[in-house]
Amino acid sequence: MKIRVEISPKYSEKEIVVRSSADDDELKEIIRDIEEIQSKLGKINGYIDDTVYSLSLNDILFFETNDRNIYAHTTDKAFLVHFRLYELENNLPDNFLRISKSSIINVDEILSLNTSVTGNLIQFKSSYKTIYVSRRFLKELKNRLNQRKF
């Protein structure tokens, strides 16, 4: 079996291609293993009081620090997560972006970016929640929004 990895900025997302001469048990096992890894990568545990919730990363609007704790915000709730912001930044998929010293957002969930003299405010799809973007991270956010698929 050969494994080949291609890394280039021209790719907008990660893709795995498996080529095989036959649809055999080994191929099915490889696909099962990849799907299992993908499902683990697409989830994060969030806590409200003593209850643990398995959150899909697609449901998370943003991560934010508050009193030395990190919270994952969904459309209507905030869940405590047991990671540091830098750990999340290094391990989250490409659709997440650091926008301030204390926040990481899901770029796919942005409805609008309002730039003004008083600040740069992000509004999310189907949620009342908003968050500010620091000037330091604004250029990268605008680049990501321009590259976003519709």
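Note that the structure is a prediction, hence the values are computed from the model and not measured.

Quick word on the sheet that holds strand β9 (residues 120–124)
The pairing of strands in a sheet comes from backbone hydrogen bonds and takes either a parallel or an antiparallel form. Taken together, the three strands give an open sheet; going across it, the order is β8-β9-β10, and neighbouring strands pair in antiparallel fashion. Two strands in the sheet have a free side with no partner beyond their single neighbour: β8 (110–115) and β10 (130–133). Along the sheet, successive strands turn relative to each other by an average axial angle of 25°, direction set aside. By the bridge criterion, four bridges tie β9 to β10 in an arrangement that is antiparallel. Each residue of the ladder has a partner; that of Ile122, found in β10, is Ile131. Across the sheet, helix α3 (residues 135–147) touches β8, β9 and β10, and the angle it forms with β8 is around 135°.

Topic: the pattern of salt bridges
Enumeration over the complete set of coordinates arrives at three salt bridges. Between Arg4 and Glu6 there is a salt bridge, with its nearest N and O atoms 3.2 Å apart. Overall, the relative accessible area of 65% leaves Arg4 in the exposed class. Salt-bridge contacts for Glu89 lead to Arg98; the nearest nitrogen and oxygen are separated by 2.8 Å.

About the criteria used
- As a convention, each chain's residues are numbered from 1 in the sequence order in which they are written.
- Totals for whole chains, interfaces and linings use every residue, but because this is a predicted model, local features are given only for residues with pLDDT of at least 70 and side-chain atom pairs only at 80 or more, for both listing and counting.
- Side-chain figures throughout are based on the complete set of non-hydrogen atoms in the structure, without hydrogens or water.
- At least two bridges found by DSSP between two strands are what make those strands a pair.
- Helical segments are the DSSP runs of H or I of at least four residues, strand segments are the runs of E of at least two, and each set is numbered from the N terminus.
- Between the N-to-C directions of two axes lies an angle of 0 to 180 degrees, each axis being a line fitted to C-alpha atoms and, for a helix, fitted only over the stretch in contact.
- In this analysis, two residues are considered to be in contact whenever any of their non-hydrogen atoms come within 4.5 Å of each other.
- Only one rule defines a salt bridge in this text: a Lys or Arg side-chain nitrogen within 4 Å of an Asp or Glu carboxyl oxygen.
- For every residue, the accessible area obtained with a 1.4 Å probe (protein chains only) is divided by the maximum for its type, and the residue is called buried under 20%, exposed over 50%, and partly exposed between those limits.

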